[in-house]
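# Residue-level structural notes
Spelled out, the chains give:
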Amino acid sequence: MNFTIKLLTPMVGAIIAASSASAADFTFKYGNEQPESSIRSQSMAFFEKELEARSGGRIDVETFFGGALGNEREMMDQVTSGLLQGTRGGFFADASGAFNLYQLPFLVANWDEMQCLVGSDFTKGIEARAEANGYHVPATGISQGFRAYTNNVRPITKVEDLAGLKIREPQSDLMIATGTALGSVPIAMPFSETYQAFQQGVIDGQHNPPQNIWDFNVHEVQKFMTLTNHMTGPDPLIVNKGWYDSLPADLQQIFDDVAVEAMAMSDNLYREAESKVIKDMESFVEINTLEPNALAGFQAAVIPVYAQMIEAGHFSQGDIDAARSAAQSCK
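Predicted model only: the values in this text are computed from it and were never measured.

## Focus on helix α10 (residues 249-281)
For α10, spanning 33 residues, the distance from its first C-alpha to its last is 46 Å, which sits close to the expected 48 Å at 1.5 Å a residue. Along α10, the largest kink reaches about 40 degrees and is centred on E274.

Dropping the structure here:
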């Protein structure tokens, strides 16, 4: 697997270098792009407090929120090189292409199924595949909830309304394939750049979980939102394997236990907050939901994406069948 390691700005390098001195036996430096007030960041603040306490101060955790160390691509590269020890974000496919499976449109029906899936033995198997690429994944959560479309052109009430709209997509072949299948014009860019892109008219819309839309203030520069719930995604805690392997066995167990708790906390908070944040956005955007016939149109349009991703080698039809079985195993 090839990675592009970007040079850090002097400021970012100074932040990391200044934080390297610690009286602890081990230092875990972690960063994500969401602001400090976001649920993802809150759950990692919990992780920091609990890991330091349960390790008896043998592990010192340093957290950097709000993109202080760069965007998600840059922080993932820093974990790859060992400059950072951990991150959460959109480049989980670097750890294992099989994580793309969790983003397949309409793979699961609701929160219950997705929480069942990420907590399953199936997901433990996917996490284990990351080891071959140099990562340890102790736990996987849900990436902030189910996605909604926003745009500035027209309400999206059926799949045909996406035709020709310039929609920001993550830098992911699955996301771009899905956007193309739905008839939009995918524009790949970091999510942190979308606010200004909307102001300048570079893109028409985007799709994200409502909480992430709110955290990045996208509702301030969009007119319409449709609760398509067409996909969610995985939120693995991605850790540099070399650093993890340097821990003694007792600290590895403590690290993994706290990670599982932090990810479960994150999922529960996102689920509880979803209806509130949608209500809060009613003052900013026109909100629509899909009628059954319209939903069926979306579901039919994305069927080819499954075959495309299997052909790309990310996962197999057997993986998809096993994931769906795992998602429904808690009933």
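Don't stop here, the text continues.
## Remarks on the environment of G134
Mapped onto the secondary structure, G134 falls in the loop between α5 (121-129) and β4 (135-136). For G134, a relative accessible area of 30% corresponds to the partly exposed category. In this structure, the C-alpha to C-alpha distance between G134 and N240, residues 106 residues apart in sequence, is 6.5 Å.

## Focus on the pairing of strand β9 (residues 205-208)
Residue alternation in β9 divides its side chains into two sets, G205 and H207 and Q206 and N208, and both sets are buried. Looking at chain direction, strand β6 (residues 148-151) and β9 are connected through four bridges and run antiparallel. Residue pairing in the sheet places A148 in a bridge with N208 of β9. The pairing of strand β7 (residues 166-169) with β9 spans two bridges and is classified as parallel. What sits directly across from I167, in β9, is G205.

## Looking at the pattern of salt bridges
One pass over the structure, following the stated rule, counts 16 salt bridges. D319 is the salt-bridge partner of R129, the closest N and O atoms lying 3.2 Å from each other. Taken as a pair, R129 in helix α5 and D319 in helix α13 (residues 317-327) lie far apart in primary sequence, 190 residues in all. Looking at R129, the relative accessible area reads 36%, which means it is partly exposed. Ionic pairing is found between K158 and D161, a salt bridge with its closest N-O pair at 3.0 Å.

## Considering the packing of aromatic side chains
By convention here, two paired aromatic rings are described through the distance between centres and the angle between planes. As enumerated under the stated definition, the model contains 12 aromatic pairs in all. Ring plane angle 85 degrees and centroid distance 5.4 Å describe the contact between F47 and F255, whose orientation is recorded as edge-to-face. Of the two residues, F47 is situated in helix α2 (residues 39-54) and F255 in helix α10; the sequence distance between them amounts to 208 residues. Taken as a pair, F47 and F255 share a single burial class, namely buried. Aromatic rings pair up to connect F28, F47, W243, Y244 and F255 into one cluster.

## Considering the sheet that holds strand β3 (residues 86-87)
Spatially, five strands are ordered β2-β1-β3-β12-β4 in an open sheet, and the strand pairing comes out mixed. Taken across any chain shown, the strands that pair with only one partner, and hence form the sheet edges, are β2 (59-64) and β4. Across two bridges, β4 lies against strand β12 (residues 238-240) in antiparallel orientation. By the bridge assignment for β12, H136 is matched with V239. Across the face of the sheet, α2 comes into contact with β1 (26-31) and β2 while running at roughly 165 degrees to β2. Where helix α3 (residues 72-81) meets the sheet, it contacts β1, β3, β4 and β12, and its direction lies at approximately 35 degrees from that of β12.

## Some thoughts on the state of the cysteines
Under the defined criterion, the tally for this structure stands at one disulfide. Here C116 pairs with C330 through a disulfide, and the sulfurs are 2.0 Å apart. Of note, the bridge from C116 to C330 carries an S-S torsion of about 90 degrees and is right-handed in sense. In this pair, C116 is assigned in helix α4 (residues 111-118) and C330 in the segment after α13, connecting sequence segments 214 residues apart. Judged by relative accessible area, C116 falls into the buried class, the value being 6%. Note on C330: relative accessible area 57%, which makes it exposed.

About the cut-offs
- Residues numbered from 1 in each chain as written.
- Predicted model: local features only at pLDDT ≥ 70, side-chain atom pairs only at ≥ 80, totals over all residues.
- Heavy atoms only, no water.
- Helix = DSSP H or I, 4+ residues; strand = E, 2+ residues; numbered from the N terminus.
- Expected span 1.5 Å × (residues − 1).
- Bend = angle between axes of the 7 residues up to and from the residue.
- Buried < 20%, exposed > 50% of the residue type's maximum accessible area, 1.4 Å probe, protein only.
- Pairing = 2+ DSSP bridges.
- Salt bridge = Lys/Arg side-chain N within 4 Å of Asp/Glu carboxyl O.
- Phe/Tyr/Trp six-rings, centres within 6.5 Å; stacked < 30°, edge-to-face > 60°.
- Contact = heavy atoms within 4.5 Å.
- Axes fitted to C-alpha atoms, helices over the stretch in contact; angles between N-to-C directions.
- Disulfide = S-S within 2.5 Å.

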